[in-house]
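Per-entry structural report
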Amino acid sequence: MLDKKVSKLLNEQINNEFYSAYLYLDFANYFEAKGLDGFANWYKIQAQEERDHAMLFYQFLQNNSEKVTLEAIGKPDKVFACDMDVLKAGLGHEQLVTSMINNIYAAAYEVKDFRTMQFLDWFIKEQGEEETNANDLITKMELFGSDPKGLYMLNQELAGRVYAAPSLVLD
Ligand code: MG
């Protein structure tokens, strides 16, 4: 049995990760409508990763005989003034998710729940990478986005992103 608070936070994280997937699909929607299919591809793959994250939390709870409760997923309702706003919202969202993961880790640490801490280690590292990726995208956009040829090349680069299953696998 997991600690009540830890279990509740892990449960909530399933929803948070699915919301992330939803949010990134919305970002992809925004770029699809603008004809920037590479950016749309990048966020669609990001959404796939978030679904994977949700399933890892789901599986971890089930593996520990914890009841999984699925709540309604929030509606992504942000309106963006420009492309850069989307990218910045992405970074802001990842920073928020990092704080959520840290919060669960802190709760597990408090009750010496080493199993959950070990599970979360992967997510701690993953969040570092997510923030780096979001930051890199903003930097590239700042450098090349204001020039049509630069934007075209960047869009082509992002079109090349392919889905890779997470390196963390739960039986
Ligand atoms: Mg995630």
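Residues numbered from 1 in each chain as written. Predicted model: local features only at pLDDT ≥ 70, side-chain atom pairs only at ≥ 80, totals over all residues. Heavy atoms only, no water.

1. Quick look at the environment of M84
- Inspection of the secondary structure assignment puts M84 in helix α3 (residues 83-110).
- When its relative accessible area of 17% is taken as the criterion, M84 is described as buried.
- It is 7.2 Å that separates the C-alpha atoms of M84 and M141, two residues lying 57 residues apart in sequence.
- With residues up to four places along the chain from it excluded, the contact list for M84 reads I138, M141 and E142. (Helix = DSSP H or I, 4+ residues; strand = E, 2+ residues; numbered from the N terminus. Buried < 20%, exposed > 50% of the residue type's maximum accessible area, 1.4 Å probe, protein only. Contact = heavy atoms within 4.5 Å.)

2. Regarding the pattern of salt bridges
- Taken as a whole, this structure holds 6 salt bridges when the rule is applied.
- Residues K8 and E12 are paired through a salt bridge, measuring 2.9 Å at the closest nitrogen-oxygen approach. Of this pair, K8 and E12 both sit in helix α1 (residues 4-34), separated by 4 residues, roughly a single helical turn.
- For K8, a relative accessible area of 53% gives the class exposed.
- Ionic pairing is found between K125 and E129, a salt bridge with its closest N-O pair at 3.3 Å. (Salt bridge = Lys/Arg side-chain N within 4 Å of Asp/Glu carboxyl O.)

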